[in-house]
Amino acid sequence: MKHELPPLPYALDALQPVISGEALGFHHGKHHKTYVDKLNEALSKVPQYDDWSLERLLTDLDAVDPSVRTAVRNHGGGHHNHSLFWRTMCPGGAPLGGEIRKAIESSYGDFGTFQSAFEKDAAGLFGSGWTFLVWNPAHGKVEIESLPNQDSPLSKGTTPLMLCDLWEHAYYLQFRNLRPDWIKAWWGIVDWRAVDANLSAART
Ligand code: MN
């Protein structure tokens, strides 16, 4: 299958002032598009995966031929992470509620404690990567998970529900080197309704 860059679900300037139109244009149109293009380029050499979905490629990464495994991990992961990232943000954010609120409170006691733990993990991630909120089916609960580069939680047996991009390309145009300021601003555009729907889907 040919993988495609998904259109953004909002206008380029819709997430301002947290993400400027210029920053979002580069992030989606250049960075994300490059992951899609390089994934397609790698997969063009291995037609046996033509009917594998992106989710299957990342979940069963160890079964993917070694000649393309790193490309799938990096570019497939980059495509999946960014696709989820766009879909879990919206202009002005959407309030926390529903089952995701209960799940976060069950794991962390209250939202403030969760938020502090997430920020600490994200600020402390060395180099480039992402901090995720995942559904861990083995533990039956939601958990914070930070991974380097474009690794996907799917390859570790957990399901990503929401995520914060900690690559400098995500924040350097506006926040320069101040990663903690980017994380704090990002909370304001998290679409918790979408995250709640992701949790429902992950549990079934
Ligand atoms: Mn990115």
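Since we're looking at a predicted model, the values are computed, not measured. (Residues numbered from 1 in each chain as written. Predicted model: local features only at pLDDT ≥ 70, side-chain atom pairs only at ≥ 80, totals over all residues. Heavy atoms only, no water.)

1. Focus: the domain arrangement of the protein
Here is step 1: Along its sequence, the protein is organised into domain 1 (21–87) and domain 2 (98–203).
Here is step 2: Once you take the C-alpha centre of each, domain 1 and domain 2 turn out to be 20 Å apart.
Here is step 3: Taken together, the contacts link 19 residues of domain 1 with 23 residues of domain 2.
Here is step 4: Approximately 1600 Å² of surface area, both sides summed, lies buried where domain 1 meets domain 2, with 60% of it carried by carbon and sulfur atoms.
Here is step 5: Looking at the side of domain 1 facing domain 2, the largest losses of area belong to Asn-81, Leu-84 and Phe-85, adding up to 35% of the total buried there.
Here is step 6: There are 1 salt bridge connecting domain 1 and domain 2.
Here is step 7: Its salt-bridge partner being Arg-73, residue Asp-151 comes within 2.9 Å of it at the nearest N-O pair.
Here is step 8: Applying the counting rule to domain 1 against domain 2 returns 9 residue pairs in polar contact (both at pLDDT 80 or more).
Here is step 9: For the side of domain 1 that touches domain 2, the secondary-structure elements that each account for two or more residues are helix H1 (21–43), helix H2 (54–59) and helix H3 (66–87).
Here is step 10: Sorting elements by how many residues they give to the side of domain 1 that touches domain 2 places H3 first, with 10 residues.
Here is step 11: Considering only residue class, the side of domain 1 that touches domain 2 consists of 6 nonpolar, 9 polar and 4 charged. (Domains from an automatic or database assignment. Contact = heavy atoms within 4.5 Å. Buried area = accessible area lost by both parts, 1.4 Å probe. Salt bridge = Lys/Arg side-chain N within 4 Å of Asp/Glu carboxyl O. Polar contact = N/O pair within 3.5 Å; in protein donor to acceptor, adjacent residues only side chain to side chain. Helix = DSSP H or I, 4+ residues; strand = E, 2+ residues; numbered from the N terminus. Nonpolar A, V, L, I, M, F, W, Y, C, P; charged D, E, K, R; others polar.)

2. Details of the sheet that holds strand S1 (residues 129–136)
Here is step 1: If you walk across this open sheet you meet the 3 strands as S2-S1-S3, and the pairing is antiparallel. Of all strands in the sheet, those with a lone pairing partner are strand S2 (141–148) and strand S3 (159–165), marking the two edges. The sheet shows a mean angle of 25° between the axes of neighbouring strands, direction not considered.
Here is step 2: In terms of strand pairing, S1 meets S2 through 8 bridges, oriented antiparallel. Paired with Leu-133 across the strands is Ile-144, a residue of S2.
Here is step 3: Docked against the sheet, helix H4 (residues 98–108) engages S1, S2 and S3, running at close to 80° with respect to S2.
Here is step 4: Against the sheet, helix H5 (residues 111–124) engages S1, S2 and S3, with an angle of about 140° to S1. (Pairing = 2+ DSSP bridges. Axes fitted to C-alpha atoms, helices over the stretch in contact; angles between N-to-C directions.)

3. Details of the nonpolar core
Across soluble globular proteins, nonpolar side chains show a tendency to be buried alongside one another.
Here is step 1: The biggest cluster of nonpolar side chains holds 45 residues, and the ones touching the most others in it are Ile-100, Trp-182, Trp-186 and Trp-192.
Here is step 2: A total of 5 residues in this core trace back to one element, the largest contributor, which is S1.
Here is step 3: Filtering out sequence-adjacent residues up to four positions away, Ile-100 remains in contact with Leu-133, Val-142, Leu-161, Trp-192, Val-195, Asp-196 and Leu-199.
Here is step 4: Leu-39, Val-64, Val-68 and Val-72 belong to the second-largest nonpolar core, a separate cluster that totals 15 residues. (Core = buried A, V, L, I, M, F, W, Y, C linked by side-chain atoms within 4.5 Å. Buried < 20%, exposed > 50% of the residue type's maximum accessible area, 1.4 Å probe, protein only.)

4. Some words on the pattern of salt bridges
Here is step 1: The tally for this structure, following the rule as stated, stands at 7 salt bridges.
Here is step 2: Where Glu-99 meets Lys-102, a salt bridge forms, and the shortest distance between an N and an O atom there is 3.1 Å. In this pair, Glu-99 and Lys-102 both sit in helix H4, 3 residues apart, roughly one turn of the helix.
Here is step 3: Taking relative accessible area as the criterion, Glu-99 reaches 35% and is therefore assigned partly exposed.
Here is step 4: Residue class for Lys-102 comes out exposed when judged on its relative accessible area of 54%.
Here is step 5: Taken together, the shared-partner salt bridges connect Glu-99, Lys-102 and Arg-203 into one network.

5. Overview of the environment of Leu-96
Here is step 1: With respect to the element layout, Leu-96 can be found in the loop between H3 and H4.
Here is step 2: In this structure Leu-96 comes out as buried when scored by relative accessible area, which is 17%.
Here is step 3: C-alpha separation for the pair Leu-96 and Arg-193, spaced 97 residues apart in sequence, amounts to 7.1 Å.
Here is step 4: Among all residues touching Leu-96, those that are not within four sequence positions of it are Arg-101, Ile-104, Phe-111 and Trp-192.

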